[in-house]
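This is what each chain is made of:
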Amino acid sequence: MARPATVTIDLDAIAHNYRVAKSQAPARKALAVVKANAYGHGAIDVARKLETEADGFAVACIEEALELREAGIRNPILLLEGFFQADELADIGRHDLWTVVHNQAQLDAIARADLSAPLNVWLKLDTGMHRLGFAPDAYRAAYRRLKALPQVRSLTLMSHFTSAEDPASPATRHQLERFERVSRDCPSPRSFANSAATMTLPEAHHDWQRPGIILYGASPFVADPEVQAQLKPAMTLTSEVIAVRELRPGEAIGYNGTWVCEAPTRVGTVAMGYADGYPRQARNGTPVLVNGQRSRLLGRVSMDMLMVDLTGLEAGVGSSVEFWGRNLLANEVAPWCDTIAYTLFTGITRRVHRRVLG
Ligand SMILES: *Cc1c(COP(=O)(O)O)cnc(C)c1O
């Protein structure tokens, strides 16, 4: 390995986190959400790690599902957005995938389809997200229609929370009430809970949880340590110091000189940049660990490098730098970049050397 930029994926941590999710409602089932390449952790590696214990997996689209089937994953796989074109139904049938139905066009396509075997359908209700799903008025008719189709083997009712990670938001209560009211006389299994609801909202556990971000060791409750304490961070992004210089007060660092030294400053240049997935939006002062010691970003992140403060630290060329992971939570770094752990995880690019543990 030459350039030291490395992302380390700890699959044992992900297995631990899946068990934490399951333990919230041991009698119910949980789909491990592995869309977007398992939030950047490697969908095939994660699915292989979990295949003996996961009740199923959830992905965004058929391309992501087929990648898992081709890797030999036999568990149920749910397409969270269903299919985009009717010709996907052949592969959905052939590979025994489960599909969301969120609109009339998908429902009509199933009704017209000549399938070799009937489908497992998750019928989505829009309880307030206003992104996907049937409106409450149309939901029951869609349910009855699907129930009567020979192309449908089983139905599961689902919806998605807008704000379950915010205990102060009244939206969660409203969404739950709408879900219960609209689906009252639809006798089928249900699924509502994302990570936040899985961890804190037993009334939303229903039959299937859909944990995503917690599998990767980041709590959806950014400011609250309680959930985080149960999780193990699965992705650690590291690199090394490749150059060191001593600057005098008044000297500026990096593009556009957005950091000007107020005191004599020892600056380390690190092989990590926005083309690796470290956000360019990271502000001066964003925390980093240098040889395990807390330090901070100085100046603007460039494409391939960034600068950190080494003043007073035991550090030099070759010192290791952690940007987030086992010892520095992505949830602590994300607000410095005006974002959330989800985008940090999914943003790592293929230039970064990948190391998989467990
Ligand atoms: C991504 C997604 C999830 C998982 O959300 P987390 O916040 O990562 O737990 C669950 N359900 C649906 C429909 C999703 O799109």
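Residues numbered from 1 in each chain as written. Predicted model: local features only at pLDDT ≥ 70, side-chain atom pairs only at ≥ 80, totals over all residues. Heavy atoms only, no water.

1. Quick notes on the UniProt feature "binding site: substrate" (unreviewed entry) in the protein
No. 1: UniProt marks Arg 131 and Met 303 with the feature "binding site: substrate" (unreviewed entry), using the numbering shown here. Of the residues just listed, which span 173 residues, the most distant C-alpha pair is 33.9 Å apart, and they do not cluster in one region.
No. 2: Inspection of the secondary structure assignment puts Arg 131 in the loop between strand E6 (119-124) and helix H7 (136-148).
No. 3: On the basis of relative accessible area, Arg 131 is assigned to the exposed category, the value being 53%.
No. 4: On the secondary structure map, Met 303 appears in the loop between strand E15 (293-298) and strand E16 (306-309).
No. 5: Among the residues examined, Met 303 registers a relative accessible area of 42% and is labelled partly exposed.
No. 6: Aside from chain neighbours lying at most four places away, what touches Met 303 is Gly 273, Tyr 274, Ala 275, Asp 276 and Arg 351. (UniProt positions renumbered as here; feature names shortened; annotations may be inferred. Helix = DSSP H or I, 4+ residues; strand = E, 2+ residues; numbered from the N terminus. Buried < 20%, exposed > 50% of the residue type's maximum accessible area, 1.4 Å probe, protein only. Contact = heavy atoms within 4.5 Å.)

2. Considerations on the UniProt feature "active site" (unreviewed entry) in the protein
No. 1: If you check UniProt for "active site" (unreviewed entry), the listed places come out as Lys 35 and Tyr 255 in our numbering. With the annotated positions falling across 221 residues, the maximum pairwise C-alpha distance of 35.4 Å shows that they are not confined to a single cluster.
No. 2: Locating Lys 35 in the fold gives a position in helix H2 (residues 35-40).
No. 3: For Lys 35, a relative accessible area of 30% corresponds to the partly exposed category.
No. 4: Setting aside its immediate chain neighbours within four residues, Lys 35 contacts Ala 58, Val 59, Ala 60, Glu 64 and Leu 80.
No. 5: With respect to the helices and strands, the residue Tyr 255 is situated in the loop between strand E11 (252-253) and strand E12 (259-260).
No. 6: Those residues in contact with Tyr 255 that sit more than four places away from it in its chain are Arg 300 and Ser 302.

3. Some details on helix H4 (residues 62-70)
In an α-helix, one turn spans 3.6 residues; hence positions three or four apart end up facing the same way.
No. 1: Of the positions making up H4, those classed as buried are Ile 62, Glu 64, Ala 65, Leu 66, Leu 68 and Arg 69.
No. 2: Packed against the buried residues of H4 are H2, helix H3 (43-50), strand E3 (56-59), strand E4 (77-79) and helix H5 (89-94).
No. 3: Positive backbone phi, at 95 degrees, marks Gly 72, one or two positions downstream of H4.

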